[in-house]
Amino acid sequence: MESYLGTISRAVEKGDDKQVLKIVRAALTGGVPPIDILEKGLVPGIQALGKLFKEGQAYLPEILISTRAMNRGVEELRPYLAGTNIYNKGTVVLGTVEGDLHDIGKNLVKLMLKSNGFNVADLGTDVSTESFVRAAQEHSADIIGMSALLTMTMGYMPKVTEALEQEGLRNKVKIMIGGAPITREFADSIGVEGFAEDCASAVDEATRLMTL
Ligand code: B1M
């Protein structure tokens, strides 16, 4: 069992999707519990790469390739995990704020969150304040995640926060923000709990927010 799991982790870290699929299937046939394949095989692989990324020893293309490999494995396991609710750490409503069309970073955050067990409702780009509020209600969101790449559009973040407050939702959701011009100081100044500098930290931060 250990050899299956270690091989899966290394294949995710290397971004070898064919190997991931092959060994996940072999592990399932060999009787390894699907949840172990997920938590002791796939997840440690993407976490190892996330750590390298944070240390500057891995780069975005590698994250993308490994995320794809991870997702191949997750998709193979999904039928076995469906309905157990084990693979849901929380629901994140995610979008790039109004006026902003940049979505490369936001999509990476989505991939990393999904790969690490979060349910993500992706609203896309140029998302209005009303859409964030409506989606928070519709999806019973635990976290609202906002991305902004333009200094001009950062100003929509406090607007969404205020609108959630007005709708009486602020005590039900945590808010996480990110994007190149966003800093922890800015997050503090607008009174949101969460900030992440990159897609790997976004997973740690979302996990932390779920414990608050
Ligand atoms: Co634009 N653009 N752009 N652009 N663009 C920038 C952002 C800019 C810095 C370029 C520059 O001038 N040097 C500049 C912004 C200046 C500013 O306001 N500070 C800029 C500008 C001015 C513009 C236009 C206004 C240009 C024009 O039309 N005159 C225009 C605006 C359009 C609009 O949005 N309304 C525009 C358009 C575009 C393109 C459409 C051409 C394209 C976007 C394509 C797309 O996203 N589909 C584009 C691109 C590609 C860039 C650059 C080159 C790259 C951005 C990117 O994808 N980075 C960028 C310059 C640069 O950054 N070097 C630039 C890679 C990405 C992985 O990083 O998005 O930071 P990033 O995401 C990271 C983290 O920030 C974090 O995790 C991600 C992964 O680690 N993160 C989060 C992101 N969101 C998060 C959310 C979280 C947590 C973490 O929680 C919810």
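Data block above holds the structure.
Residues numbered from 1 in each chain as written. Predicted model: local features only at pLDDT ≥ 70, side-chain atom pairs only at ≥ 80, totals over all residues. Heavy atoms only, no water.

Q: Sorry, what's going on with the site of the ligand here?
A: Every one of the 26 residues lining the ligand counts as a neighbour, but Gly99, Leu101, His102, Asp103 and Ser147 are closest to it. Here a nitrogen atom of the ligand sits 2.9 Å away from a polar atom, N or O, in the main chain of Gly99. For the ligand, an oxygen atom lies 3.4 Å from a polar atom in the backbone of Ala180. Sorting the residues of the shell around the ligand by element identifies α5 (104-115), β3 (143-147) and β4 (174-178) as the ones contributing at least two each. Tallied by class, the residues present in the shell around the ligand amount to 14 nonpolar, 8 polar and 4 charged. (Near = heavy atom within 4 Å. Polar contact = N/O pair within 3.5 Å; in protein donor to acceptor, adjacent residues only side chain to side chain. Helix = DSSP H or I, 4+ residues; strand = E, 2+ residues; numbered from the N terminus. Nonpolar A, V, L, I, M, F, W, Y, C, P; charged D, E, K, R; others polar.)

Q: Would you explain the sheet that holds β4 in this entry?
A: Whenever strands of a sheet pair, they do so through backbone hydrogen bonds, lying parallel or antiparallel. With parallel pairing, 5 strands are arranged side by side in an open sheet as β2-β1-β3-β4-β5. The sheet is open, and its two edges are formed by β2 (119-122) and β5 (194-195), each paired on a single side. Packing of helix α9 (residues 199-209) onto the sheet brings it into contact with β3, β4 and β5, and relative to β4 it is tilted by some 165°. (Pairing = 2+ DSSP bridges. Contact = heavy atoms within 4.5 Å. Axes fitted to C-alpha atoms, helices over the stretch in contact; angles between N-to-C directions.)

Q: Quick question: what am I supposed to make of helix α6 (residues 129-138) here?
A: Along an α-helix, a turn takes 3.6 residues, which lines up residues three or four apart on a common side. Those residues of α6 lying buried are Thr129, Phe132, Val133, Ala135 and Ala136. Viewed end-on, α6 has its buried residues packed into an arc of 165°, placing them on one side of the element. Turned more than 90 degrees away from the buried face of α6 sit Glu130 and Glu138, all of them exposed. On its buried face, α6 sits against β1 (91-96), β3 and α7 (156-166). After α6 finishes, the residue Ser140 shows a positive phi value of roughly 45°. (Buried < 20%, exposed > 50% of the residue type's maximum accessible area, 1.4 Å probe, protein only. Arc of directions from axis to C-beta.)

Q: How should the nonpolar core be read in this particular structure?
A: The tendency in soluble globular proteins is for nonpolar side chains to be buried side by side. Counting residues in each nonpolar core, the largest one holds 41 residues, and the members touching the most others are Ile8, Val24, Ile37, Leu42, Leu77 and Leu113. Contributions of two or more residues to this core are made by α1 (2-14), α2 (17-29), α3 (34-54), α4 (60-81), β1, α5 and α9. Once you skip the residues sitting within four places of it in the chain, Leu77 turns out to touch Val24, Leu28, Pro34, Ile37, Leu38 and Leu42. By size, the runner-up hydrophobic cluster in this structure holds 27 residues, among which are Ile177, Phe186, Ile190 and Val192. (Core = buried A, V, L, I, M, F, W, Y, C linked by side-chain atoms within 4.5 Å.)

Q: Where do I start with the side chain of Ser147 in this structure?
A: Turning to its location among the elements, Ser147 is positioned in strand β3. The buried category is assigned to Ser147, whose relative accessible area is 8%. Beyond its immediate stretch of four places on either side in the chain, Ser147 contacts Gly95, Thr96, Val97, Lys106, Met157 and Gly178.

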